[in-house]
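What follows is the residue order along each chain.
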Amino acid sequence: MDALFNLFSQSGFAHIGLGHWIMFIISGVLIYLAIAKEYEPLLLIPIGFGILVANLPLAEMGSHDSGIIGLIYSAGIKTELLPPIIFLGVGVLTDFRPLLGRPITFLLGAAAQVGIVLAAVGAAYLFGFSYKEAAVIGIIGGADGPTSIFLASKLAPHLLGPVALAAYSYMSLVPIIQPPILRMLTTRKERAIDMPQAKRVSKTAVLIFPIFTGVVASLAIPSSAPLIGMLMFGNLIRESGVTDRLKKTAGGPMIDIVTIFLGLTVGATMTADEFLTTQTLLILAMGAVAFTFSTMGGILFAKFINLFLSKGKKINPCIGAAGVSAVPMAARVVQTFVSEETDGRVNPLMAAMGPNVAGVIGSAVAAGVFLSLLL
Amino acid sequence: MDSPSILSICFSAILTVFLILSVLAISIQIITRLFPFKQEKEDTTIYAAIVSSYSVIHPGTKITKIEEIK
């Protein structure tokens, strides 16, 4: 009998506490949202399962433990290997033509980063976070998971879990968060602006873009090179037309493998003792603020640009909301919103893809600046 | 030298983002003017195939434009 009691006392069951149960519930909610609501399932399922296994007492499956997930964390996140590889895959999967055909939408992608700075300032001054922590919290407003993870792993690794959770959660909640903001900041007349089709872009221009952007951005902000360099390399693979095997690998199996590793290890950073703090709640709240202000920034800047454009050339300000870079979710949300508001007469999906992909570059540059000034 | 405040760091960040994306926007404008899109010649075989297929489905229909969306 003593042996049985001894065995039980060494099992995980004997060590489960209230915190673990709360984390199990959080894990269950994420997995439920991923399966039942299809909210970012490719990420929320690995993250949810990572949370689950990391909170199994004595299993050593947390990212800071010595098990397999700890090994992946040390080799993939601490070394900054995985986020740039995700960017490589994103580059392969992204068509920059809508942006190149309407270059003014670059500016909307820039304006939609305003939430990053507002949230960072708020986190530092209102809640007393250190500058590094504040920058990491602010970057949630970029709505770019890999960029958030990349920055957090370098500036504030202890915030990696909540920051990644906030980034991916808000990305998945774009269809809920953005429409009320769009409705609040635009008039019916503005929503009905039907933009002409973007000019078509030559193959040469499409090939020059990734090389030029990769070089210019990396020279200007060298610390953004791992993200932007890989993004542009992936895009060159896509557009060259002669590297079909590389394109299929980088945009398929490779990004899938890395997504599994990234999601699982990020989820496994969220152990009860580290995650269940008031700091986490503040991060989630500030992330929402960042995301909301980024959306507002894009829309308001589009309205500002319209002040200088002639009648036939005005842009639909709703596409500014897509600058938050949750690709392609934000552009789809804008399309659905505008189409519903105009009874299907206006369909700005391709126009919204411009600021959407510009936002990816914008948030990577912002992360690079934070790294340069804070590391 | 004192370390910069979060306010100046954030100001630098948003300014740099605007600056770099503006430079890219202007550069792309120039690049697309230097290398404009040229309409490829129509493939007469594909044109004939589409016209004949469509005339079977919708007799009397006149094809005025065929556009390839990639």
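The structure we're discussing is the one just above.
These figures come from a predicted structure and were not determined experimentally.

A. Layout of the overall build of chain A. Helices and strands together make up the secondary structure of chain A, namely 20 helices and zero strands. For 375 residues, the compact-globule estimate of 2.2 N^0.38 gives 21 Å, and the C-alpha radius of gyration of chain A, at 21 Å, lies within 12% of that figure. In chain A, once contacts between residues fewer than 6 apart in sequence are set aside, the share between residues at least 24 apart is 77%. In the structure as shown, chain A presents an accessible area of about 15,300 Å², 69% of it carried by carbon and sulfur atoms. Here chain A contributes 23 positively and 19 negatively charged side chains, and the mean placements of these two sets differ by 17 Å.

B. Highlighting the layout of surface pockets. All names here are of chain A. Roughly 860 Å³ of internal volume is contained in the second largest pocket. In this structure, the second largest pocket is lined by 31 residues; those nearest its centre are E40, V90, L93, V327 and P328. Listing elements by their share of the lining of the second largest pocket, those giving two or more residues are α3 (41–54), α5 (82–93), α10 (145–155), α11 (160–172), α16 (244–267), α19 (329–341) and α20 (349–374). Of the residues belonging to the lining of the second largest pocket, the class tally is 20 nonpolar, five polar and six charged.

C. Summary view of the packing of α10(A) against α11(A). Residues and elements named next belong to chain A. Across the interface, α10 lies against α11 with an axial gap of 9 Å and an inter-helix angle of 165 degrees. Taken together, the axis directions place α10 and α11 in an arrangement best described as roughly antiparallel. α10 and α11 meet at a crossing whose hand is right-handed. Contact residues: G145, P146, S148, I149, A152 and S153 in α10; L160, V163, A164, A167, Y168 and M171 in α11. Looking at the contact of α10 with α11, its residues break down into nine nonpolar, three polar and no charged.

D. Inspection of the packing of aromatic side chains at higher detail. One pass over the structure, following the stated rule, counts seven aromatic pairs over all chains. Geometrically, the ring pair formed by A:F304 and A:F308 is edge-to-face, given 5.2 Å between the ring centres and 80 degrees between the ring planes. Among the aromatic residues, those joined into a ring-pair cluster are A:F301, A:F304, A:F308 and B:F18.

E. Molecular detail of the interface of chain A and chain B. Listed per partner, the contact involves 39 residues of chain A and 28 residues of chain B. Summed over both sides, the interface between chain A and chain B buries roughly 3,000 Å², with carbon and sulfur atoms accounting for 82% of that surface. Broken down residue by residue, the surface that chain A buries against chain B is led by A:F106, A:Y131 and A:R200, which jointly contribute 19%. Here chain A is connected to chain B by zero salt bridges. One can count two residue pairs in polar contact (both at pLDDT 80 or more) joining chain A with chain B. Elements supplying a minimum of two residues to the side of chain A that touches chain B: α7 (105–111), α8 (114–125), α9 (131–138), α14 (203–220) and α20 of chain A. Tallying contributions element by element places α20(A) first for the side of chain A that touches chain B, with nine residues.

F. Focus on a nonpolar patch on the surface. Residue and element names in this part refer to chain A. Side chains of M1, L4, F5 and L7 sit close together on the surface and give an oily, nonpolar patch of about 520 Å² of accessible area. When you line up the elements, L7 lands in helix α1 (residues 2–9). Residue classification places L7 among the exposed positions, given a relative accessible area of 59%.

G. Looking closely at unusual backbone geometry. All names here are of chain A. The peptide bond linking V327 to P328 adopts the cis configuration, its omega dihedral lying at -10 degrees. As for its placement among the helices and strands, P328 is situated in the loop between α18 (278–306) and α19. One non-glycine residue, D343, lies in the positive phi region at around 55 degrees. By secondary structure assignment, the location of D343 is in the loop between α19 and α20. The class of D343 is exposed, set by a relative accessible area of 69%.

H. Representation of the environment of A:Q10 within the structure. Secondary-structure assignment places A:Q10 in the loop between α1 and α2 (18–36). Taking the C-alpha atoms as reference points, A:Q10 and A:L58, 48 residues apart in sequence, are found 8.5 Å from one another.

I. Fine view of the environment of A:Q335. All names here are of chain A. Tracing the sequence through the fold places Q335 in helix α19. Along the primary structure Q335 and P348 are separated by 13 residues, whereas in three dimensions their C-alpha atoms are 5.4 Å apart. Once residues within four sequence positions are removed from consideration, Q335 is found in contact with N347, P348 and L349. Within the local environment of Q335, its side chain forms a polar contact with the backbone nitrogen of L349, the two atoms lying 3.1 Å apart.

Cut-offs applied
Residues numbered from 1 in each chain as written. Chains lettered and ligands numbered in written order. Predicted model: local features only at pLDDT ≥ 70, side-chain atom pairs only at ≥ 80, totals over all residues. Heavy atoms only, no water. Helix = DSSP H or I, 4+ residues; strand = E, 2+ residues; numbered from the N terminus. Rg over C-alpha atoms; globule rule 2.2 N^0.38 Å. Contact = heavy atoms within 4.5 Å. Areas by Shrake-Rupley, 256 points an atom, 1.4 Å probe, with all protein chains shown as cover. Lys, Arg positive; Asp, Glu negative; His and termini not counted. Charge placed at Lys NZ, Arg CZ, Asp CG, Glu CD. 1 Å grid on protein atoms, 1.4 Å probe; cavity = no way out; pocket = protein on both sides within 12 Å on 5 of 7 lines; lining within 4 Å. Points joined across faces, edges and corners; volume = space filled by probe spheres on them. Nonpolar A, V, L, I, M, F, W, Y, C, P; charged D, E, K, R; others polar. Axes fitted to C-alpha atoms, helices over the stretch in contact; angles between N-to-C directions. Parallel < 35°, antiparallel > 145°, perpendicular 65-115°, else oblique. Left-handed = near helix turned anticlockwise from the far one by under 90°. Phe/Tyr/Trp six-rings, centres within 6.5 Å; stacked < 30°, edge-to-face > 60°. Buried area = accessible area lost by both parts, 1.4 Å probe. Salt bridge = Lys/Arg side-chain N within 4 Å of Asp/Glu carboxyl O. Polar contact = N/O pair within 3.5 Å; in protein donor to acceptor, adjacent residues only side chain to side chain. Patch = residues over 30% accessible without salt bridge, like charges linked within 9 Å, V, L, I, M, F, W, Y side chains within 5 Å. Buried < 20%, exposed > 50% of the residue type's maximum accessible area, 1.4 Å probe, protein only.

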